[in-house]
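Letter by letter, the chains look like this.
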Amino acid sequence: MSRWLPSPYVLFAVVVGVLLSTVSAVRGPIDADFYWHVTAGRLMVESGSVPSNDPFSFTWLGQPWTPHEWLGEVLLFLSTSALGLGLTGALFGLLSAGGPLLAGAAMIRRGVSNRAVMLAVAPAVVVLLPYTTMRPQIFTWLLLGGLLAALVLLRPEHRLRVWLIPAAFLLWANLHGMYVIGLGVLAAHVAFTLAGRTSMAPRRWTMLGVLAVSLLATMATPAGPVGLLYPLRYVEPGDWGLQHIVEWQPPRIDDVRNVGLALVILSVLLTRLRSADGWLKLTAVLGMAGALVAVRNAPLVAVTAIPGLACGWGTLLRPRRQPFPVRTARVRRWIEVVVAAVLVVAIALIVPGIRGLSGAVAVPQQFPVAGTDALAQRSPDANVLTEYGWGGYLIYRLHDLGGHVFVDGRNDMYDQRILDDYLRIRSADPAWKQLADQYGVEAILLPPSAPVIAAATSAGWCQAYADGVATLLLRSC
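These notes cover the structure that comes with them.

**Some words on the overall build of the protein**
And step 1. For the protein, the helix and strand inventory stands at 20 helices and five strands.
And step 2. When the 477 residues of the protein are sorted by exposure, 51% land in the buried category.
And step 3. Accessible surface computed for the protein: about 21100 Å², of which carbon and sulfur atoms make up 64%.

Here you go:
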């Protein structure tokens, strides 16, 4: 019977999958972008088409918009419609675990020990914990791990299997815009292959063809070839998002969410990625550089570093000189199974009770639920200036009623001037009233501490609702 017990890595994978699924399900829809993602997905399903112009804001209404993750949004809407928020959260948590676990499984097939691979995957899981939520970016983590696994295991005799890579990029480019990271990983592998430094060196020209076809496959999106230029918007000098959005800024030492990233970096420094192929070292180092530029990239480095870390730990950890006796090995396996089962049960019982992770508690505290209720009753079709991080929630609540927002989480779409004017109005700049009139702002829904709340009240705007989360002002009551 013990012969059929799962391996230590399989038990580890079960615990990781349950952990991330439970955390994501319990956390609920606390991510602001979830709301406009799922609303966009619903519109696409109902209309049967992918929009090319913005339908949600009044400052950019009808102007060009590139839904670079349209398929991910459609799948998100279909999942929430069929399964509900709880099961969808669990599903996306499981998908987020898939990326690092696939990369680790590939290294085990390469002959790296279970201990070394689990040491490589564990810090990646810590990185993903605060980022796991219901967003299309989860598909990038999954496909990035799958791509690494495929490249690690490729051999010259895999004449047909290698052409599954362009097919994966065709899907990836429609699921999420960060497929460009995958193209970078593939390009690194091909470059080292052309130099004769990978196992696919005998098939170097085939790999070059795979890269070319993969690049063409990423153009098969509603945006066409122009979609390849989309990610460049995030590296433009002076980009508003890089200056004002926390996840696009460098990691802070005092932020507990960056503990996982610190563990990954320390692991890389300790192991020095010994015995790893050159292309794996390159992708891990470039990934770390990207995470140090913007904390949003931390989950990506968590995945890309796994193969190199597994090689490094495998070199550092000395193999046992003699295997355990059969009886001892069986006892150890049963202990591992019991420990894994206890951990799974503990996760299921403990995580939901952690204050702050419950979606039922977090959503009213994080979003202006009552304030939006009041707005829906008083002026549902208003042009609303609301907090940048609340824009997606108001889109979700008010779009069908005719309401539009000033800005929301799609900062890559908006003209820089609009984003700057949003800040000028919010901060009660001397020209705030003129700007509000110019844009046609009809309602303001912001935290009570926002400077424009006091300024607009003094200017005659009517307070329609107020609580500790948000104050709603209308031009007239």
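Resuming the write-up.
**Things to note about the environment of Leu 316**
And step 1. Checked against the element boundaries, Leu 316 lands in helix 13 (residues 306–316).
And step 2. With a relative accessible area of 34%, Leu 316 lands in the partly exposed category.
And step 3. Spatially, the C-alpha atoms of Leu 316 and Arg 274 are 8.2 Å apart, while their sequence positions differ by 42 residues.
And step 4. Beyond its immediate stretch of four places on either side in the chain, Leu 316 contacts Leu 270, Thr 271 and Arg 274.

**A look at the environment of Ala 97**
And step 1. The topology assignment puts Ala 97 in helix 3 (residues 70–109).
And step 2. Distance from Ala 97 to Leu 142, taken between C-alpha atoms, is 7.5 Å for residues 45 residues apart in sequence.
And step 3. The residues contacting Ala 97, other than those within four sequence positions of it, are Val 16, Gly 17 and Leu 20.

**Quick look at helix 20 (residues 451–458)**
Residues spaced three or four apart along an α-helix point in a common direction, a consequence of the helix completing one turn every 3.6 residues.
And step 1. When we look at burial in helix 20, the residues that qualify are Val 452, Ile 453 and Ala 456. Looking straight down helix 20, one finds that the buried residues subtend no more than 110° of arc, so they occupy a single side. For helix 20, the exposed residues lying more than 90 degrees away from the buried face are Ala 454 and Ser 458.
And step 2. On the buried face of helix 20, the contacting elements are helix 18 (416–426), helix 19 (432–439), strand 3 (443–446) and strand 5 (471–474).
And step 3. In the segment just after helix 20, Gly 460 is the residue with positive phi, at about 105°.

**Focus on unusual backbone geometry**
And step 1. Non-glycine residue Ser 275 carries a positive phi angle of around 70°.
And step 2. On the accessibility criterion, Ser 275 (54% relative accessible area) is exposed.

**Points about helix 17 (residues 391–398)**
And step 1. Taking burial as the measure, the eight residues of helix 17 include six buried ones, the bulk of the element.
And step 2. Looking only at helix 17, the buried set comprises Gly 391, Gly 392, Tyr 393, Leu 394, Ile 395 and Leu 398.
And step 3. Buried residues along helix 17 sit in contact with helix 2 (32–47), helix 16 (369–378), strand 1 (383–386), strand 2 (404–405) and strand 3.

Procedures and definitions
Residues numbered from 1 in each chain as written. Predicted model: local features only at pLDDT ≥ 70, side-chain atom pairs only at ≥ 80, totals over all residues. Heavy atoms only, no water. Helix = DSSP H or I, 4+ residues; strand = E, 2+ residues; numbered from the N terminus. Buried < 20%, exposed > 50% of the residue type's maximum accessible area, 1.4 Å probe, protein only. Areas by Shrake-Rupley, 256 points an atom, 1.4 Å probe, with all protein chains shown as cover. Contact = heavy atoms within 4.5 Å. Arc of directions from axis to C-beta.

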